[in-house]
Amino acid sequence: MAAPGYGKRSAPDQKPKAEGDFAHLPARVAHIAAYIDRLPDGAAVDGKTLAKEIALYGQMAVLSALRLLEKAGHLFRFRDRVGENGTQWAWRTYFSRTAREESWWQRLRRGDAPKEQTPEPAPASEPAPEPLEAEALEAEPAAAEVPVKTPRARAYAVLAQVGLVDPRLPLSASECAQLAPLAAEWLVRGVTDAQLMSGLTAGLPPDVHSPEAFTRKRLIAKLPPEREHVAPAPDAGAARPRLQECRECRVPGRPENLPGGLCKDCRGGEGGEVPVGEVAAVHELCADIRAEMRSMRGGRNPNRRI
């Protein structure tokens, strides 16, 4: 298996498995495609790993088959930033037993892959049910609503269980009722029931002479602070550029600069001036690489003599 978060990812809306899913591919490519199709999500599907697991073919043959699977629309790979600050790069690999066009894969990369409309089978003809009488409809009981516990009721329930969790803090019913307002303030400030229980029972002395007084003192002394609601920070990864590599020469680049999955040289090297957008993308990529190298060095000068 690959590291968590990496490895094979199954594309959505695939057709059910059938015997001739890869019959249109050459025998070697079809064999490797069927093997990848049987692997679970998260399994390593790089050429080196597959060559170790498939004894019939070597690493070069497996890599060639993976490129052919990309051309056929069964495999799609692109580079993405990972990590808290987006300073690392990782390859995302999607596999589909249903061949897809390049435009479909690009939409999947952006998160808006279209769903196929599969016709639903016509229901079998069944006799129409007899109409229900009004009396039978009125007799059906309504769904019971689950009551929502107030913080004070939750606090009382936690206090009632304290003596069962730790016998050194047995509390009576009246003591639980008296302490419930103090414990409810913990819950109002965002503490869960389990955290409240842990706060009352953790680090107890060997002997507790007055469980009610001890619990009251702990509820007051360890009352958590009021926390202001902080809106979650926007996902910075959504605005970061994603890279895709050429299917032939494996050179990375922006998806919009790799139509059909091929770079300009592999498409035939169209002449003319380089588009301004492509130059800016290369400059941005070089700046990202330099920034990552500086962060890896930790600000140290590698040319400085020690």
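Read on for a plain summary of the structure. (Residues numbered from 1 in each chain as written. Predicted model: local features only at pLDDT ≥ 70, side-chain atom pairs only at ≥ 80, totals over all residues. Heavy atoms only, no water.)

## With respect to the overall build of the chain
Broken down by element type, the chain carries 10 helices and five strands. Expressed as a percentage of the 306 residues in the chain, the buried residues total 31%. Expressed as a percentage of contacts within the chain between residues at least 6 apart in sequence, the contacts between residues at least 24 apart total 61%. Of the roughly 20400 Å² of accessible surface on the chain, 55% is carried by carbon and sulfur atoms. (Helix = DSSP H or I, 4+ residues; strand = E, 2+ residues; numbered from the N terminus. Buried < 20%, exposed > 50% of the residue type's maximum accessible area, 1.4 Å probe, protein only. Contact = heavy atoms within 4.5 Å. Areas by Shrake-Rupley, 256 points an atom, 1.4 Å probe, with all protein chains shown as cover.)

## Some details on the side chain of Thr215
Along the polypeptide, Thr215 turns up in helix α9 (residues 211-221). By relative accessible area, Thr215 is classed as buried at 2%. Engagement of the side chain of Thr215 in a polar contact is seen with the backbone oxygen of Pro211, the distance being 2.7 Å. In this view, Thr215 contacts Leu159, Leu169, Leu171, Leu179 and Leu200; residues no more than four positions away in its chain are not counted. (Polar contact = N/O pair within 3.5 Å; in protein donor to acceptor, adjacent residues only side chain to side chain.)

## Some words on the environment of Thr192
Residue placement: Thr192 occurs in the loop between α7 (173-188) and α8 (193-201). According to the relative accessible area criterion, Thr192 is partly exposed, its value standing at 38%. Sequence separation between Thr192 and Arg154 is 38 residues, and the spatial gap between their C-alpha atoms is 9.7 Å.

## What to know about the pattern of salt bridges
Going through the model one piece at a time under the given rule, you end up with seven salt bridges. Of the charged contacts in the structure, one is a salt bridge between Arg97 and Asp37, with a shortest N-O distance of 3.2 Å. Here Arg97, found in the loop between β3 (88-95) and α4 (102-110), pairs with Asp37, found in helix α1 (residues 27-38); they are 60 residues apart in sequence, far enough to count as distant. Neither Arg97 nor Asp37 differs from the other in exposure class; each is buried. Ionic pairing is found between Asp193 and Arg154, a salt bridge with its closest N-O pair at 2.7 Å. Of the two residues, Asp193 sits in helix α8 while Arg154 sits in helix α6 (residues 151-165), which places them 39 residues apart along the sequence. Look at Asp193 and you get partly exposed, because its relative accessible area is 31%. Several salt bridges share partner residues, and in doing so they unite Glu185, Arg189 and Glu226 into one network. (Salt bridge = Lys/Arg side-chain N within 4 Å of Asp/Glu carboxyl O.)

## Section: the environment of Arg250
Inspection of the secondary structure puts Arg250 in the loop between β4 (243-245) and β5 (252-253). With 183 residues separating them along the chain, Arg250 and Arg67 place their C-alpha atoms 9.6 Å apart. Once residues lying within four places of it in the same chain are set aside, the contact partners of Arg250 are Arg67, Glu70, Arg77 and Glu245.

## Details of the layout of surface pockets
Estimates place the volume of the second largest pocket at around 220 Å³. In terms of lining, the second largest pocket is formed by 13 residues, of which the most central are Val45, Asp46, Arg77, Trp91 and Thr93. When residues of the lining of the second largest pocket are traced back to their parent elements, those giving at least two are α3 (59-72), β2 (75-82) and β3. (1 Å grid on protein atoms, 1.4 Å probe; cavity = no way out; pocket = protein on both sides within 12 Å on 5 of 7 lines; lining within 4 Å. Points joined across faces, edges and corners; volume = space filled by probe spheres on them.)

## Notes on unusual backbone geometry
One non-glycine residue, Asp13, adopts positive backbone phi at about 55°. Secondary-structure assignment places Asp13 in the loop between β1 (8-10) and α1.

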